[in-house]
Amino acid sequence: EKDGHDWFMRKEIHEQPRAVADSLLGRRTPEGHLHLDEMRLSDQELRDVDKVIIIACGTSFYAGMVAKYAIEHWTRVPVEVELASEFRYRDPILDYSTLVVAISQSGETADTLQAIRHARTQRSKVLAICNTNGSTIPRESDAVIYTHAGPEIGVASTKGFLTQLVACYLLALYLAQVKGTRYGDEIDQVMRQLEAIPEQVQRVLDDAPAIYEMAADHIDTRSVLFLGRHAGYPVALEGALKLKELAYIHAEGFAAGELKHGPIALIEDGLPVLCVVPPAGRDQLRDKMVSGIQEVRARGARTICLVEDGDDAITPYADVIIRLPRVPVLLQPLVAVVPLQLFACELATLMGHDVDQPRNLAKSVTVE
Ligand code: M6R
């Protein structure tokens, strides 16, 4: 049942190329239009949307953070991302022109469910991005985009996350198509870039032994920092969450630009700092990241850098380099998160922890 793997989580990490491909299947009509089968909101209803609020918890929340970048970039509609557990209690501003997007792998998370119930009392339309057919959240939503990860058994979300990202990109492109903010050939180009992702994720997986070797060097580590910018920032947060939940190690993710506003004081000799470097095409972002990496290294950090293939600017400042396939910055989370999943899974295994059932955690959190 685990396909020869020691953990469901490891099996699910390796299923990601298939999961991404399945989540993209059948989304384009022969005429080149994007088609979402359970959209159920009319084009007019979507054209009326003037604000999107994404609500989710944990890893799904980080998918929502990436979605904000994509939706705002492609549609120019303002997006807020909010933790479901906070949303209801702050008297959020909602009306019929607000589209609330609930992201939940299980479809049963109580915080998210209560949040959408509240949104519907305010006449907002709710769209669920969910992996579990017939679960409560999609049943109580106006529309659904199902992800096609297949059952996710490991408590730590992996293929659930990647397929949520795919669904978020599809939603962003669909909104752009309906609202006319992007031309068909642009949408087509992103779809082709997405369709190349399964093969690129497979290449990252083929390099797993190098990540495992790195994990073996970190068995005695008590703390790890993760840095990212732009779409790489949620990836840093997700990498830190994986390490906390599986290896029970203190880990924190930061937006790299925030370092100088406080966190840099944490840097001490030998502290591992994992850096998600933006693709070279985005030079301003990339160069800022490089200087952040220089700064932490000058203060003794051990820098582990996830860098796109062919980008050598970072080499002098990296203690370890992990190569990523070349993808546009908005899609980079799909490939950049995979080494972080492998790292956390392997480190927890070497530390003797139960990777599929980490202490104190449940797969679906059905209490508020
Ligand atoms: O089923 P959901 O996507 O609603 O779950 C949300 C979080 O509980 C979940 O992502 C949690 O953070 C995972 N254990 C992360 O690996």
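Going by the structure above, here's the rest.
Here the structure is a predicted model, which means the values were calculated and not measured.

Asker: Any chance you could break down the packing of helix H10 (residues 197–206) against helix H14 (residues 332–350) for me, citing the residues and the numbers?
Answerer: It is at 9 Å that the axes of H10 and H14 come closest, and there the two elements cross at 30°. Our classification of the angle between H10 and H14 gives roughly parallel. For the pair H10 and H14, the crossing hand works out as right-handed. Taken together, the residues of H14 that come into contact with H10 (itself represented by Ile197, Gln200, Val201, Val204 and Leu205) are Leu334, Val335, Val338, Pro339 and Leu342.

Asker: So what's going on with the site of the ligand? Which residues, and what values?
Answerer: Neighbouring the ligand are 14 residues; Ser60, Ser104, Gln105, Thr109 and Glu245 lie closest to it. Measuring from an oxygen atom of the ligand, one finds a side-chain N or O atom of Thr109 at 2.5 Å. Between Glu245 and the ligand, the recorded distance is 2.4 Å, taken from a side-chain N or O atom to an oxygen atom. A total of 410 Å² of accessible area belongs to the ligand in isolation, and the protein chains cover 89% of it.

Asker: How would you sum up the packing of aromatic side chains? Please name residues and give values.
Answerer: Taken as a whole and assessed by the stated rule, the structure comprises 2 aromatic pairs. Taking 6.4 Å as the distance between ring centres and 65° as the angle between the ring planes, the aromatic pair formed by Trp74 and Tyr169 counts as edge-to-face. Placement of Trp74 in helix H4 (residues 58–75) and of Tyr169 in helix H8 (residues 159–179) is noted, with a sequence separation of 95 residues between them. The lysine or arginine in question, Arg359, covers the ring of Tyr248, its NZ or CZ lying 3.9 Å from the ring centre.

Asker: Explain the packing of H4 against H8 to me, using residue names and the numbers behind them.
Answerer: At a closest axis distance of 9 Å, the pairing of H4 and H8 adopts a crossing angle of 25°. Looking at the two axes, H4 sits roughly parallel to H8. The two elements H4 and H8 cross, and the hand of that crossing is right-handed. Between H4 and H8, the contacting residues are Thr59, Ser60, Tyr62, Ala63, Val66, Ala67, Ala70, Ile71, Trp74 and Thr75 on the first element and Phe161, Gln164, Leu165, Cys168, Tyr169, Leu171, Ala172, Leu173, Leu175 and Ala176 on the second. Each residue belonging to the contact of H4 with H8 can be placed in one class, and the counts come to 16 nonpolar, 4 polar and no charged.

Asker: If you had to explain the environment of Met351 to someone new, which residues and values would you point to?
Answerer: Locating Met351 in the fold gives a position in the segment after H14. The exposure class of Met351 is partly exposed, given its relative accessible area of 24%. Taking the C-alpha atoms as reference, Met351 lies 21 Å from Gly4; in sequence the two are 347 residues apart. When near neighbours in sequence (up to four residues on either side) are disregarded, Met351 contacts Ile219, Arg222, Ala247 and Ile249.

Asker: Run through unusual backbone geometry, naming residues and quoting values.
Answerer: If you check the backbone angles, Arg40 has positive phi at about 55° while not being a glycine. Topologically, Arg40 is positioned in the loop between helix H2 (16–24) and helix H3 (43–47). If you check the backbone angles, Arg123 has positive phi at about 70° while not being a glycine. Take Arg123: it is sitting in the loop between helix H6 (110–121) and strand E4 (125–130). Relative accessible area serves as the criterion here: at 57%, Arg123 is assigned to the exposed category.

Asker: Hey, could you go over the pattern of salt bridges for me, with residue numbers and the actual values?
Answerer: Under the counting rule described, the total for this entry stands at 28 salt bridges. For Glu80, the salt bridge goes to Arg90, with nearest N and O atoms at 3.7 Å. One end of the pair, Glu80, is in strand E2 (residues 79–83); the other, Arg90, is in the loop between helix H5 (84–87) and strand E3 (98–104), with 10 residues separating them in the sequence. Given the relative accessible area of 37%, Arg90 is considered partly exposed. The residue Glu82 makes a salt bridge to Arg90 at a minimum N-O spacing of 2.6 Å. Counted as one network, the salt bridges with shared partners bring together Arg28, Asp188, Arg192 and Glu195.

Calculation criteria
- Residues numbered from 1 in each chain as written.
- Predicted model: local features only at pLDDT ≥ 70, side-chain atom pairs only at ≥ 80, totals over all residues.
- Heavy atoms only, no water.
- Axes fitted to C-alpha atoms, helices over the stretch in contact; angles between N-to-C directions.
- Helix = DSSP H or I, 4+ residues; strand = E, 2+ residues; numbered from the N terminus.
- Parallel < 35°, antiparallel > 145°, perpendicular 65-115°, else oblique.
- Left-handed = near helix turned anticlockwise from the far one by under 90°.
- Contact = heavy atoms within 4.5 Å.
- Near = heavy atom within 4 Å.
- Polar contact = N/O pair within 3.5 Å; in protein donor to acceptor, adjacent residues only side chain to side chain.
- Areas by Shrake-Rupley, 256 points an atom, 1.4 Å probe, with all protein chains shown as cover.
- Phe/Tyr/Trp six-rings, centres within 6.5 Å; stacked < 30°, edge-to-face > 60°.
- Lys NZ or Arg CZ within 6 Å of the ring centre and 35° of its normal.
- Nonpolar A, V, L, I, M, F, W, Y, C, P; charged D, E, K, R; others polar.
- Buried < 20%, exposed > 50% of the residue type's maximum accessible area, 1.4 Å probe, protein only.
- Salt bridge = Lys/Arg side-chain N within 4 Å of Asp/Glu carboxyl O.

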